[in-house]
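Architecture and fold: a report
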Amino acid sequence: MAAARARSGGRPTLEEVAARAGVGRGTASRVINGSPRVSDATREAVEAAVAELGYVPNRAARALAGNRTDAIALVVPEPETRFFAEPYFSAIVRGVGAALADTEMQLLLTLVGSDRERRRLAQYLTAHRVDGVLLVAVHAHDPLPELLEQLGMPCVISGARHAAETLPSVDSDNFEGARAAVDHLISRGRSRIATITGRLEVYGAQRRLDGYRAAISAAGLAPDERLIAPADFTEEGGARAMRDLLARRPGLDAVFVASDVMAAGARQVLREADRRIPEDVALVGFDDSVVARHMHPALTSVRQPIEEMGRRMARLLLDEIAGRAPDDERPSVVLPTELVVRASS
């Protein structure tokens, strides 16, 4: 034991932790590395020994031994302007950070808003400078997921790219959330219901549009493509789409907007047009972000558990990195949404 202590420069060693806990070195290592294959009693004994001895794992040695970097990248293929304007992204980051708080993983946030940044990221990933990647807001034709699959790098994405997604993914139930929003508007007596969509190359935005269409059809309302306006998840995009809708269908009496940020833009245009909310036009958003709660009138919105999505993504990725995920199964987690009714509808 003294020899082990001498080789470690006076620091407590893994062997000492194992001896204090009354377990083998391999068992102590599994506890310290977060393996689920130990009993609660064993885990508590090892953790108590770690605390008593003040043991600190040698991260550099562990990384070299396992060809690990102890770092993961959170990649957002959006420019800085949208990242900092959209509450969705900060909530994802909070969730990921919470899941990593008790691990030794470092989180690297990377925004990819241009082709140059995309090429630089591809070079960085090809050099295997991180152990895994979390991809947020992936577009249908984004080449990054394919690159990661080619590199054999563990990856989890927020939201499937299409119905036949092959990568592990975490998302909210966009279809049911949108359908519930439109059902709510119909229950309030609205019949000329418009929608402002997000970018439809994002599968989640397409599923929200599908939910809108399903609710309209189920209620026996006549479908009207002129009540559908595409936008881009920005406040400015929501305002432009609202102007287009009023020009095409001035008699509309409700709008389901695929994000709270876009709903803020739509609300401003409705006010400029002297349309009262909700008396003349009922308004419903999606996300239930801080934007919804601070609007006037307060915005009815579909709540999606964004922070929980971030936590689930991080946990799935840690399982992938540690080899705990089954090779023949790519988990797809879909979390439920909830309609939060406020004064705007």
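These numbers were taken from a predicted model, which means no experiment stands behind them.

Section: the pattern of salt bridges
- Taken as a whole, this structure holds 23 salt bridges when the rule is applied.
- Between arginine 199 and glutamate 201 there is a salt bridge, with its nearest N and O atoms 3.4 Å apart.
- Given the relative accessible area of 15%, arginine 199 is considered buried.
- Two residues, arginine 213 and glutamate 225, come together in a salt bridge whose shortest N-O distance is 2.7 Å. Of this pair, arginine 213 sits in helix 11 (residues 203–218) while glutamate 225 sits in the loop between helix 11 and strand 7 (228–230), and the two are 12 residues apart along the sequence.

Side note on the packing of helix 2 (residues 14–21) against helix 3 (residues 25–32)
- Look at helix 2 against helix 3: their axes get within 8 Å of each other, and the N-to-C directions meet at 100°. The orientation of helix 2 with respect to helix 3, classified from their angle, is roughly perpendicular. Facing helix 2, whose interface residues are Leu14, Glu15 and Ala18, helix 3 presents Arg25, Ala28, Ser29 and Ile32.

As for the sheet that holds strand 7
- Read from one edge to the other, the open sheet built from 6 strands follows the order 7-6-8-9-10-12, with strand pairing classed as mixed. In this open sheet, the two strands that pair with only one neighbour each are strand 7 and strand 12 (338–340). Here the average twist between neighbouring strands, direction ignored, is 20°.
- Running over the sheet, helix 13 (residues 260–272) touches strand 6 (193–197), strand 8 (254–257), strand 9 (282–287) and strand 10 (300–303) and is turned about 160° from strand 9.

Some thoughts on the domain arrangement of the protein chain
- Taken as a whole, the protein chain is organised into domain 1 (14–57), domain 2 (71–171 + 307–334) and domain 3 (174–303).
- Listed per partner, the contact involves 13 residues of domain 2 and 12 residues of domain 3.
- For the salt bridge of arginine 199 with glutamate 78, the shortest nitrogen-to-oxygen distance reads 2.7 Å.
- For the pair domain 2 and domain 3, the number of links is 2 residue pairs in polar contact (both at pLDDT 80 or more).
- In terms of residue class, the side of domain 2 that touches domain 3 is built from 6 nonpolar, 2 polar and 5 charged.

Side note on the sheet that holds strand 2 (residues 106–111)
- Spatial strand order, 2-1-3-4-5-11: 6 strands in an open sheet with parallel pairing. Whereas interior strands pair on both sides, the edge strands pair on one side only; in this sheet they are strand 2 and strand 11 (332–335). The mean angle between the axes of side-by-side strands here comes to 15°, regardless of whether they run parallel or antiparallel.
- Bridge analysis of strand 5 (residues 169–172) against strand 11 gives 4 bridges, and the strand direction is parallel. Paired with valine 170 across the two strands is valine 333, which belongs to strand 11.
- Along the sheet face, helix 9 (residues 144–151) touches strand 1 (71–76), strand 3 (132–136) and strand 4 (155–158) and points at about 165° away from the line of strand 3.

Thresholds applied
Residues numbered from 1 in each chain as written. Predicted model: local features only at pLDDT ≥ 70, side-chain atom pairs only at ≥ 80, totals over all residues. Heavy atoms only, no water. Salt bridge = Lys/Arg side-chain N within 4 Å of Asp/Glu carboxyl O. Buried < 20%, exposed > 50% of the residue type's maximum accessible area, 1.4 Å probe, protein only. Helix = DSSP H or I, 4+ residues; strand = E, 2+ residues; numbered from the N terminus. Axes fitted to C-alpha atoms, helices over the stretch in contact; angles between N-to-C directions. Parallel < 35°, antiparallel > 145°, perpendicular 65-115°, else oblique. Contact = heavy atoms within 4.5 Å. Pairing = 2+ DSSP bridges. Domains from an automatic or database assignment. Polar contact = N/O pair within 3.5 Å; in protein donor to acceptor, adjacent residues only side chain to side chain. Nonpolar A, V, L, I, M, F, W, Y, C, P; charged D, E, K, R; others polar.

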